[in-house]
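Descriptive structure summary
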Amino acid sequence: MKQRLKFLAAVATVSIALAGTVHAGNAADNVNIRFVWGNMEAPQKQAWIDYLIKPFEAANPGITVDFQPIPDEDNAVKVQLNSPTGAPDIFMADATEIPTYEAAGLLLPLDKYVDEYNLKNIIYPWALSLGNIDGHYYSVPHEYEATVMIYNNDLLKANGWPVPRTREQFVQVCDAALKKGIIPVSYGSSGFVLGQQWLYEKYLTNYGGVNAVRDLFTGKVKFTDPEIKGSFQMLKDDWDKGYWAEKKSSSIGMEQSRSLWLSGKALFLAEGTWLQSTLGNGATKFDWEATSWPSMKDGKPSASAIAVGAVMGVSKYTKHPDAVGKLIGFMYTHNDLMAESVAHGLQPLSMPFDLSSLPPDTDKDSRKMLEALQAVTKDPSNVSYAPWAFYPTKTNVYLMNKLDALFYNQLSLDDYLNNAQKILDQELADGFEFRAPAAGGTGS
Amino acid sequence: MSLIRRSEIVNTAFVLPAFFLHFFIIAVPTLSLIYFSLTDWKGVGAPNFIGLENFSRMIFEDGDFHHAVINNILYMSVFLTIPIVFGLLMALLTVRAGRFQLLYRALFFLPYVVSPVISGKIFMMYYDPFSGINQFFEWMGWSFLANINYVGDRNLALFSVAFVDYWHWWGFVLVIFLAALHQVDVSLYEAAELDGANRLQRFLHVTVPQIRPTLVTLLTITIIGSFVTFDYVYVMTQGGPAGATEIASTWIFKQAFNNFDAGYGSALSITVCAACVVVYFGFRRIQRIGWDI
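Residues numbered from 1 in each chain as written. Chains lettered and ligands numbered in written order. Predicted model: local features only at pLDDT ≥ 70, side-chain atom pairs only at ≥ 80, totals over all residues. Heavy atoms only, no water.

Moving on to the overall build of chain A. Along the backbone of chain A there are 18 helices and 14 strands. Against the 2.2 N^0.38 benchmark of 22 Å for 444 residues, chain A shows a C-alpha radius of gyration of 24 Å, consistent with a compact globule. On the principal axes, the C-alpha backbone points of chain A span a range of 90 × 50 × 50 Å. Here chain A holds 444 residues, and the buried ones make up 59% of them. (Helix = DSSP H or I, 4+ residues; strand = E, 2+ residues; numbered from the N terminus. Rg over C-alpha atoms; globule rule 2.2 N^0.38 Å. Buried < 20%, exposed > 50% of the residue type's maximum accessible area, 1.4 Å probe, protein only.)

Structure representation (structure tokens):
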């Protein structure tokens with residue numbers, strides 16, 4: 001019995017040693033990058049794999065990418081970044097989170113790769129500048145997007161209503177719709193507090209105006225400024241009038257809001273170009289279009305807000321910085337692959353993009369949304385800033401969390417804005433920097 | 001070495017793995033939570049020690065947390081009554097179901113095995129004022145029911161969310177009560193019947209005293225469970241509308257993760273944890289002294 005045990009122990013030891021050797025041999029040759037991204041539907045994940053991961057691996061033998069789209073990625077990354085062994089090599093983040101990660105010393109500067117792959121000449125300057133802190137790049141943008149008003153063209157035409165471009169038209173159409181039992185704007189915030197920023201962005205952009213927003217977040221004006229306060233006042237009035245989901249926006253979630261609009265019960269959907277794949281592939285049974293939200297005040301142009309949907313950060317703990325840099329560079333230097341990925345439901349990267357490069361079989365609804373994205377961002381002087389990419393985090397979290405309290409009269413407008421101002425003052429004192437181009441959106 | 005001493009060492013050696021496991025998985029995170037509660041940690045990077053500042057902020061400044069705790073108490077008070085009473089009642093009926101008992105038990109237990117995320121989403125569809133159960137009521141001509149705004153009405157929202165949690169929980173309560181009822185000695189009922197006790201008297205003087213330990217355990221679990229509940233609120237309303245469904249755990253989550261205020265979130269967590277410990281020991285004490293109700 002003892003002899004047998006000894007033999008087994010010897011075999012086990014040799015096996016483990018051999019396995020270790022083989023593993024060590026592979027590890028020396030191969031580099032594996034852990035790439036953490038937000039959760040997505042299966043077709044999108046497949047597009048990532050087919051038009052980025054596989055071609056990159058084929059072009060770079062010895063580098064493999066472990067692409068991990070995970071639910072609640074944002075919070076998982078916050079925890080994992082602290083760990084030298086658990087941090088992903090490259091990860092998705094909101095642009096507004098990057099300064100906090102940088103201040104905590106958790107990010108790798110990416111200047112070397114920005115230069116090496118000529119990204120300053122490829123990526124939109126406004127988008128790239130989101131990752132620039134004290135002259136160094138700590139993130140590189142991924143996709144870009146814009147807020148839009150998506151409207152049911154058939155429903156408007158059937159009722160003889162115009163596509164609203166002014167405040168007056170907007171009010172007329174919304175009032176008429178309510179009278180006919182049609183929901184003016186489909187929107188739901190239940191279980192989706194993040195959606196609240198879509199509302200005040202539209203009023204800040206189209207009532208307050210691009211410059212007022214810039215002045216607010218650079219500390220030149222306060223929340224009590226007439227342009228800013230007026231924006232929130234008008235939003236509250238419109239909510240009270242039932243324009244926003246007949247005052248039931250707290251009763252439905254984001255998916256329900258989209259379903260409501262897709263079912264033809266609502267005129268407008270107040271989201272953005274990120275719905276490109278959601279509305280594509282036959283999801284809509286009627287004619288629809290997307291354009292900027294109408295002007296909410298005489299003299300203020302109808303405008304959209306741009307955003308980088310997500311940025312890519314690299315952990316300072318990564319053991320393969322050059323491989324990660326190579327991946328970022330590959331992403332931005334293969335326009336043909338980007339065109340394919342966009343045609344298969346992914347949003348375009350933050351760089352000029354020629355729609356004619358799309359494959360001929362690209363879904364017509366996806367193409368329509370891409371055209372809208374280019375149309376609303378065409379005039380750089382008339383593009384505003386989306387909260388999730390540009391606003392200071394704590395102020396924005398407060399505005400989102402307490403917007404319902406304003407709607408439900410739990411907070412007066414003055415209290416809501418004064419509290420927001422206190423938080424903004426603190427963030428400005430702590431060094432918050434509004435990283436948006438002076439000329440508006442895509443300028444510079 | 002004496003036999004007793006040797007046996008003590010052996011026993012301790014057997015317990016040590018479990019002790020280390022517990023120490024690293026439970027004690028270390030708990031101790032680190034206490035430490036972080038005394039710092040301004042953002043959740044990333046290095047924390048700075050700020051003493052009891054977070055606790056002072058919690059007590060004197062954070063009205064939202066106070067409101068969330070009140071919501072927790074409301075949540076708990078309904079939890080302590082409806083699912084317990086309903087679970088016990090159904091257990092009393094099911095225990096007499098003979099050969100169908102297993103079927104009923106499985107059916108009633110079913111909600112407990114449905115993921116909270118799934119049931120939360122399903123109930124949100126029912127609650128949808130544009131396409132949910134209200135449409136059915138309207139079709140039936142019951143307009144007084146068709147206009148209820150389940151999660152959009154501040155006065156109803158908390159109970160609408162809690163209802164889903166009750167729906168999920170009561171099957172578990174029923175199964176536990178069923179197990180306890182099976183343990184009651186039948187001869188006690190027979191003796192009570194001989195003494196002329198009616199059904200209610202038999203329930204009050206035989207059943208309740210016999211299942212008292214189970215009842216106390218369930219009450220303890222329920223109270224603690226309602227203080228640490230999170231998933232239904234997070235999936236369905238995220239604390240809205242206007243804080244109507246905000247509970248301590250969702251508020252803590254928002255502070256720690258959305259607001260980069262993990263130090264403060266730790267202080268709030270420690271407080272909730274301490275409250276649960278107090279409740280636990282309170283019920284332990286009640287169990288020890290007998291609780292002659």
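A few words now on the overall build of chain B. A count of helical and extended segments in chain B gives 14 helices and zero strands. Moving toward the C terminus, one meets the helices and strands of chain B in the order α-α-α-α-α-α-α-α-α-α-α-α-α-α. Since a compact globule built from 293 residues should have a radius of gyration of about 19 Å, the 24 Å found for chain B marks it as more spread out than a globular shape. Counting only C-alpha atoms and orienting by the principal axes, one finds that chain B spans roughly 80 × 70 × 30 Å. Counting over 293 residues, chain B shows a buried share of 43%. Within chain B, counting contacts between residues at least 6 apart in sequence, those at least 24 apart form 69% of the total. Entry remark: accessible area of chain B is about 16,100 Å², with carbon and sulfur atoms responsible for 69%. If the 16 positive side-chain charges of chain B are averaged to one point and the 18 negative ones to another, these points end up 10 Å apart. (Contact = heavy atoms within 4.5 Å. Areas by Shrake-Rupley, 256 points an atom, 1.4 Å probe, with all protein chains shown as cover. Lys, Arg positive; Asp, Glu negative; His and termini not counted. Charge placed at Lys NZ, Arg CZ, Asp CG, Glu CD.)

The next thing to look at is the sheet that holds strand β11 (residues 288–291) of chain A. All names here are of chain A. In spatial order, the strands read β9-β10-β8-β11; together these four strands make up an open sheet with mixed pairing. Edge strands, defined here as strands with exactly one partner in the open sheet, are β9 (183–186) and β11. In this sheet, adjacent strand axes meet at a mean angle of 25° when their direction is disregarded. As paired strands, β9 and strand β10 (residues 266–269) are joined by three bridges and run parallel to one another. Looking across to β10, one finds that Ser186 is bridged to Leu269. Its contacts with the sheet place helix α12 (residues 254–262) against β8 (149–152), β9, β10 and β11, and it is angled at close to 130° to β10. Of the strands in this sheet, β8 and β11 touch helix α15 (residues 364–376), which is tilted by about 20° from β11. (Pairing = 2+ DSSP bridges. Axes fitted to C-alpha atoms, helices over the stretch in contact; angles between N-to-C directions.)

What follows concerns the sheet that holds strand β6 (residues 139–141) of chain A. Residues and elements named next belong to chain A. One open sheet accounts for five strands, arranged β2-β1-β3-β13-β6; its pairing is mixed. Both edges of this open sheet fall to β2 (63–70) and β6, since each of them pairs with a single strand only. Averaged over all pairs of adjacent strands, the angle between their axes in this sheet comes to 25°, without regard to strand direction. Bridge analysis of strand β3 (residues 90–93) against strand β13 (residues 311–314) gives four bridges, and the strand direction is antiparallel. Bridging across to β13, Ala93 finds its partner in Val311. Docked against the sheet, helix α2 (residues 42–59) engages β1 (31–38) and β2, running at close to 165° with respect to β2. The sheet strands contacting helix α3 (residues 73–80) are β1, β2 and β3, and the helix crosses β1 at an angle near 135°.

Another point: the packing of aromatic side chains. Scanning the entire structure with this criterion turns up 62 aromatic pairs over all chains. When the centroid spacing of 5.5 Å and the interplanar angle of 70° are considered together, the rings of A:Tyr385 and A:Phe390 count as edge-to-face. Classification of A:Phe390 as buried rests on a relative accessible area of 3%. A centroid spacing of 5.4 Å and a plane angle of 55° characterise the contact between B:Phe230 and B:Phe253, whose relative ring orientation is tilted. Of this pair, B:Phe230 sits in the loop between α11 (199–228) and α12 (231–236) while B:Phe253 sits in helix α13 (residues 248–258); the two residues are 23 residues apart in sequence, bridging distant segments of the chain. (Phe/Tyr/Trp six-rings, centres within 6.5 Å; stacked < 30°, edge-to-face > 60°.)

To continue, consider unusual backbone geometry. Most peptide bonds take the trans form, and the phi angle of most residues other than glycine is negative. Here the bond from B:Gly240 into B:Pro241 is cis, since omega is -5°, no more than 30 degrees from zero. Relative to the helices and strands, B:Pro241 resides in the loop between α12 and α13. Backbone geometry at A:Ala245 places phi at a positive 50°, although glycine is not the residue there. A relative accessible area of 0% places A:Ala245 in the buried class. With phi around 50°, B:Phe260 is a residue other than glycine that occupies positive phi space. With relative accessibility at 6%, the residue B:Phe260 sits in the buried group.

Residues and elements named next belong to chain A. With respect to the helices, strands and loops of the structure, Lys236 is situated in helix α11 (residues 226–240). We classify Lys236 as buried; its relative accessible area is 9%. Beyond its immediate sequence surroundings of up to four residues, Lys236 is in contact with Leu406, Phe407 and Asn409.

Here we come to the layout of surface pockets. Of the volumes computed, that of the second largest pocket is approximately 1,600 Å³. Taken together, 47 residues form the lining of the second largest pocket, with A:Lys394, A:Ile423, A:Gln426, A:Glu427 and B:Asn259 sitting closest to its centre. Every element with two or more residues in the lining of the second largest pocket is listed here: α4 (98–103), α16 (387–390), α17 (393–407) and α18 (413–429) of chain A together with α2 (53–60), α3 (63–79) and α13 of chain B. Per-element tally for the lining of the second largest pocket: the top contributor is α17(A), with six residues. Here the lining of the second largest pocket is built from residues that sort into 17 nonpolar, twelve polar and 18 charged. (1 Å grid on protein atoms, 1.4 Å probe; cavity = no way out; pocket = protein on both sides within 12 Å on 5 of 7 lines; lining within 4 Å. Points joined across faces, edges and corners; volume = space filled by probe spheres on them. Nonpolar A, V, L, I, M, F, W, Y, C, P; charged D, E, K, R; others polar.)

How big an interface is tends to be expressed through the accessible area that disappears when the partners come together. Listed by partner, the interface residues are 32 residues for chain B and 35 residues for chain A. The junction of chain B with chain A conceals about 2,700 Å² of combined surface from both sides, 57% of it contributed by carbon and sulfur atoms. At the junction of chain B with chain A, the criterion picks out two salt bridges. Taking the shortest distance from any N to any O, the salt bridge between B:Asp64 and A:Lys402 comes out at 2.5 Å. For the interface between chain B and chain A, the tally reads 15 residue pairs in polar contact (both at pLDDT 80 or more). Breaking the side of chain B that touches chain A down by element, the ones donating at least two residues are α6 (116–127), α12 and α13 of chain B. (Buried area = accessible area lost by both parts, 1.4 Å probe. Salt bridge = Lys/Arg side-chain N within 4 Å of Asp/Glu carboxyl O. Polar contact = N/O pair within 3.5 Å; in protein donor to acceptor, adjacent residues only side chain to side chain.)

This part is about the environment of A:Ser257. All names here are of chain A. Here Ser257 lies in helix α12. Considering only alpha carbons, one finds Ser257 and Ser189, 68 residues apart in sequence, at a separation of 8.6 Å. Look past the residues within four positions of Ser257 in its chain and what remains in contact with it is Ser186, Tyr187, Gly188, Ile252 and Leu269. A distance of 3.4 Å separates a polar side-chain atom of Ser257 from the backbone nitrogen of Tyr187.

Let us now look at the pattern of salt bridges. Two side chains that carry opposite charge are able to pair once their charged atoms sit near each other. Residues and elements named next belong to chain A. Using the criterion set out here, one finds 22 salt bridges over all chains in the structure. The partner of Lys112 in a salt bridge is Asp322, and the shortest N-O contact between them spans 2.8 Å. In this pair, Lys112 sits in helix α5 (residues 111–116) while Asp322 sits in helix α13 (residues 321–332), placing the two residues 210 residues apart along the sequence. Relative accessible area serves as the criterion here: at 48%, Lys112 is assigned to the partly exposed category. Exposure remark for Asp322: the relative accessible area of 43% places this residue in the partly exposed category. Between Lys364 and Asp365 there is a salt bridge, with the nearest N and O atoms lying 3.6 Å from each other. Take Lys364: its relative accessible area is 59%, and that puts it in the exposed class. If you follow the salt bridges from partner to partner, you end up with Asp287, Lys364, Asp365 and Lys368 in one network.

So, about the packing of helix α5 (residues 101–109) of chain B against helix α9 (residues 157–183) of chain B. Residues and elements named next belong to chain B. Where α5 meets α9, the axes come as close as 8 Å, and the angle between the chain directions of the two elements is 150°. Here Gln101, Arg105, Phe108 and Phe109 of α5 lie close against α9, whose contacting residues are Trp170, Gly171, Phe172, Leu174, Val175, Leu178 and His182. Counted by class, the contact of α5 with α9 contains seven nonpolar, three polar and one charged residues.

This paragraph deals with a nonpolar patch on the surface. The grouping of B:Val10, B:Phe14, B:Val15, B:Leu16, B:Phe19, B:Phe20, B:Leu21, B:Phe23, B:Phe24, B:Ile25, B:Ile26 and B:Val28 at the surface amounts to a nonpolar patch, some 1,200 Å² of accessible area in total. The exposure class of B:Val28 is partly exposed, given its relative accessible area of 33%. (Patch = residues over 30% accessible without salt bridge, like charges linked within 9 Å, V, L, I, M, F, W, Y side chains within 5 Å.)

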